[in-house]
Amino acid sequence: RARTRSGHTTMHAIPISYQWRGAGDGWNSSCRPRGIGLTAQLPCLVATWQGLFILLCVSYNNGVAQKKLGQHIKDFLEYCEVDRGRSSKTVANYAFYLGRFQEFAGDIAPSALTDTLVHEYRLHLNRLTDRDGEPLKKNTQNYHLIALRSFLKYLARRDVKSLASEKVDLAKTGDRAVTFLEPEEVERLLAVPFARLEKATPSQRLTALRDKAILETLFCTGLRVSELAGLEREQVSVKRTEFTVRG
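These numbers were taken from a predicted model, which means no experiment stands behind them. (Residues numbered from 1 in each chain as written. Predicted model: local features only at pLDDT ≥ 70, side-chain atom pairs only at ≥ 80, totals over all residues. Heavy atoms only, no water.)

Draft legend 1. Structural view of a negative patch on the surface. Together, Glu182, Glu184, Glu185 and Glu187 give the surface a local cluster of negative charge. When you line up the elements, Glu182 lands in the loop between helix H5 (138-157) and helix H6 (183-191). Residue classification places Glu182 among the partly exposed positions, given a relative accessible area of 40%. (Patch = residues over 30% accessible without salt bridge, like charges linked within 9 Å, V, L, I, M, F, W, Y side chains within 5 Å. Areas by Shrake-Rupley, 256 points an atom, 1.4 Å probe, with all protein chains shown as cover. Salt bridge = Lys/Arg side-chain N within 4 Å of Asp/Glu carboxyl O. Lys, Arg positive; Asp, Glu negative; His and termini not counted. Charge placed at Lys NZ, Arg CZ, Asp CG, Glu CD. Helix = DSSP H or I, 4+ residues; strand = E, 2+ residues; numbered from the N terminus. Buried < 20%, exposed > 50% of the residue type's maximum accessible area, 1.4 Å probe, protein only.)

Structure representation (structure tokens):
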């Protein structure tokens, strides 16, 4: 006993008919264009799907390749915030450093980033001055280059053609000199807020207590000034006498 069902589809203007035939060992199916044998039809279908797949890939790659530096930087900042969970301060620093690079290089395609361009950018950073007219410190220059490295690694993970991050060298910095305070100097520093407390007004007393608490906290915990300034009240547990800081 056989049952037949016919349908039509179009692929490269070739009508396809489907025939379903029952057999003793189960159902068998065959699909062939009208007037064309099965052997001739299969290569046609394979070539068609391969062509569609290649077309989609080319269209996607062209869309990515057409993105300019500014759009890629925007995508990178969103990636740092959402996928990497970076703090808002870190994302803001990346935005500043990469924005400065884009200002220097222009809104070019990532493929236009070359060794020569990075070398010229390093010269630019080395000759750049801060608000006080002083040259940027080597550490500050390296912050710019580290941000650029991270951005290039991101492009590589997205298969965007650009310069390899390993080709961005950091500026050499000298050995950091370790400075410290003697115990007597620490005591004098901590005593500064209460130096003129006798003639202070109530408002000035509160300010002195605040300053004393700031100095004691910095000295006892080793916090950065920016970390202490960003500390919120809800982050401090008075009951457990502790707080958590995310650097």
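Anyway, onward from the coordinates.
Draft legend 2. Structural detail: the pattern of salt bridges. Following the criterion strictly, the structure yields 6 salt bridges and no others. The residue Lys67 makes a salt bridge to Asp75 at a minimum N-O spacing of 2.9 Å. Assessed through its relative accessible area of 32%, Lys67 is described here as partly exposed. Looking at Asp75, the relative accessible area reads 16%, which means it is buried. Where Arg224 meets Glu227, a salt bridge forms, and the shortest distance between an N and an O atom there is 2.5 Å. Since its relative accessible area comes to 15%, Glu227 is described here as buried.

Draft legend 3. Main features of unusual backbone geometry. The backbone of Asp159 shows a phi angle near 60 degrees, a positive value even though the residue is not glycine. Structurally, Asp159 is set in the loop between H5 and H6. Located in the positive-phi region is Thr241, a residue other than glycine, with phi close to 50 degrees. Checked against the element boundaries, Thr241 lands in the loop between strand S4 (236-237) and strand S5 (242-243). What makes Thr241 exposed here is its relative accessible area of 69%.

Draft legend 4. Region of interest: a nonpolar patch on the surface. Where nonpolar side chains cluster on the molecular surface, the patch consists of Tyr143, Ile146 and Leu170 and spans about 250 Å² of accessible area. In this fold, Tyr143 is placed in helix H5. Residue class for Tyr143 comes out partly exposed when judged on its relative accessible area of 44%.

Draft legend 5. Structural detail: the side chain of His144. Here His144 lies in helix H5. Within the structure, His144 has its side chain in polar contact with the side chain of Arg100 (distance 3.0 Å). Setting aside its immediate chain neighbours within four residues, His144 contacts Phe96, Tyr97, Arg100, Tyr121, Leu125 and Leu136. (Polar contact = N/O pair within 3.5 Å; in protein donor to acceptor, adjacent residues only side chain to side chain. Contact = heavy atoms within 4.5 Å.)

Draft legend 6. The arrangement of the nonpolar core in detail. Core analysis: the largest hydrophobic core is formed by 29 residues, its most contacted members being Phe76, Phe101, Leu113, Leu148, Phe151, Leu152 and Val168. Elements that contribute at least two residues to this core include exactly helix H2 (69-82), helix H3 (88-105), helix H4 (115-127) and H5. Looking at this core element by element, the count peaks at 7 residues for H5. Setting aside residues no more than four positions away along its own chain, Leu152 makes contact with Leu113, Ser162, Leu163, Ala164, Ser165 and Val168. (Core = buried A, V, L, I, M, F, W, Y, C linked by side-chain atoms within 4.5 Å.)

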